[in-house]
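Fold and contact review
The lines below spell out each chain.
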Amino acid sequence: MLNETDAASGKEEIKEKFISIIEKFIGLAATRLSDDVMARLEEMRKAENTPLQKEIYGSYFENLKMAQELKRPCCQDTGMIQFYLNAGTAFPYLSYIPEVLKEAIRRATVSVPLRPNAVDFFDEKISDDNIAERSPWINWELIPDSQEVEITVYFSGAGCSLPGQARVFKPSDGIEAILPFVFDAVLGPGINACPPLLVGIGLGHNIENAAVLSKKALLRSFGRHHSHPKGAEFERRIMNGLNSAGMGAQGLRGNQAVMGVHIESSARHTATIACAVNVSCYMLRRGVIRLKSNLSYELPAYAGETL
Ligand code: SF4
């Protein structure tokens, strides 16, 4: 039977292993785009035909290749770090997670490195380790009885956070009212967010539920559509409309503007239609790791990669 000292040292050993895995995972997600994002960018590169657009996509891919080879972040803005968790209630180290994520960020700020971006809201002092009030941002969903945890890390850069908007419409405005709202957000400030963009749209009943859904829409991998046929049709229509604007990579005229339009929705109040728009730049850094109860892991978004 373990005495208290043995138990404490075993606990620290597990925590240390967990921190080390997450630190390396953060490093991977900062330096390599996930496979579906790379495949989508390849498709987009082939669909552009002007010398300038070819040049821009060429430099994107050269930058991504060098980042992977040199093990350096693929963009200098490593953003505010956000975690989205699907956490099994029977995962044995559930209570360690907040501390593990913070410590992993602290270490990754040095080892990757991540740019210190977190500024105290009122004192305007920058934290040198990316740990600050509610930073990293952690969003939990609990999965009853599961022994596993899935952690998605998202690097929320400034350029692609600036176009974000949310608004609540009246049902008398009709669901079509979201179209000019989305187009203005994406084709206005979105041009500064290093296009091509992924557009996440959250549809729900109030501001905060639409905003969370708009971020979850960005976390969905390419190739999947809204589960409701009308939602999927809305995604197609908005994507075709945005692409017809001829924005191109870096906003320098081309055949396409967006990598995709993803909608996530929830039930709404009879008297509201809430819509939030969230945008990611082409440097869509969202990584996923799945951990089992013995801390073995899978990296579903990165074929052939280990930590
Ligand atoms: S918009 Fe994206 S690619 Fe451009 S500087 Fe910001 S994080 Fe980097």
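It should be noted that the structure appears before, not after, this text.
Heads up: these notes are all about the structure in this document. Each residue is numbered by its place in its chain's sequence as written, counting from 1. Only residues with pLDDT of at least 70 are given local features in this predicted model, and only at 80 or more are side-chain atom pairs given and counted; all residues enter the totals for whole chains, interfaces and linings. Side-chain descriptors were evaluated using all non-hydrogen atoms of the structure, hydrogens and water having been removed beforehand.

1. Observations regarding the environment of alanine 30
Considering the arrangement of structural elements, one finds alanine 30 in helix H1 (residues 4–31). A simple rule labels every residue: compare its accessible area, found with a 1.4 Å probe on the protein chains alone, to the largest value its type can have, and call it buried under 20%, exposed over 50%, or partly exposed in between. The exposure class assigned to alanine 30 is buried, which follows from its relative accessible area of 1%. Contact criterion: two residues are considered in contact whenever any of their non-hydrogen atoms come within 4.5 Å of each other. Among all residues touching alanine 30, those that are not within four sequence positions of it are Arg72, Pro73, Cys74, Val112, Leu114, Phe155 and Arg285. Helix and strand definitions here come from DSSP, where helices need a minimum of 4 consecutive H or I residues and strands a minimum of 2 consecutive E residues; each element is numbered from the N-terminal end.

2. Description of the pairing of strand S3 (residues 149–156)
Of all eight residues in S3, seven are buried; the element is thus mostly enclosed. Pairing between strands requires that DSSP locate at least two bridges from one strand to the other. Alignment of strand S1 (residues 80–88) against S3, held across eight bridges, turns out to be antiparallel. Residue pairing across strands places glutamine 82 opposite tyrosine 154, the latter belonging to S3. Both S3 and strand S8 (residues 286–291) contribute to a ladder of six bridges, which runs antiparallel. Each bridged residue has a counterpart across the sheet, and for valine 149 the counterpart in S8 is leucine 291.

3. What about the side chain of asparagine 139?
Tracing the backbone through its elements, the reader meets asparagine 139 in strand S2 (residues 137–143). With sequence-adjacent residues up to four places away left out, asparagine 139 is seen in contact with Phe83, Tyr84, Leu85, Val212 and Lys216.

4. Some remarks on the packing of helix H6 (residues 178–187) against helix H8 (residues 229–243)
An axis is simply a line fitted to the C-alpha atoms; with a helix, the fit covers only the stretch in contact. Between two such axes, the angle follows the N-to-C directions and lies from 0 to 180 degrees. Packing of H6 against H8 brings their axes to within 11 Å, and their N-to-C directions diverge by 45 degrees. When the axes of H6 and H8 are compared, the pair comes out oblique. The crossing of H6 and H8 is right-handed. Contacts between H6 and H8 involve Ile178, Leu179, Val182, Phe183, Val186 and Leu187 from the first element and Phe234, Arg237, Ile238, Gly241 and Leu242 from the second. For the contact of H6 with H8, a count of residues per class yields nine nonpolar, one polar and one charged. Angle categories are assigned with fixed cut-offs, so that under 35 degrees is roughly parallel, over 145 is roughly antiparallel, 65 to 115 is roughly perpendicular, and the rest are oblique. The handedness criterion is simple: a crossing whose near helix is rotated anticlockwise from the far helix by less than a right angle is left-handed, and one whose near helix is rotated clockwise is right-handed. Three categories are distinguished: nonpolar for Ala, Val, Leu, Ile, Met, Phe, Trp, Tyr, Cys and Pro, charged for Asp, Glu, Lys and Arg, and polar for the others, with Gly belonging to the last.

5. Observations regarding the sheet that holds strand S6 (residues 258–265)
Taken in spatial order, the four strands make up an open sheet running S4-S7-S5-S6, and their pairing is mixed. The open sheet terminates on both sides in strands that have one partner only, identified here as strand S4 (165–169) and S6. For this sheet the average axis-to-axis angle between neighbouring strands, irrespective of direction, equals 15 degrees. Sheet topology note: the strand S5 (residues 197–204)/strand S7 (residues 273–280) ladder contains seven bridges and is antiparallel. Bridging from a neighbouring strand, glycine 200 pairs with asparagine 278 of S7. On the sheet, H8 packs against S5 and S6 and is oriented at approximately 150 degrees with respect to S6.

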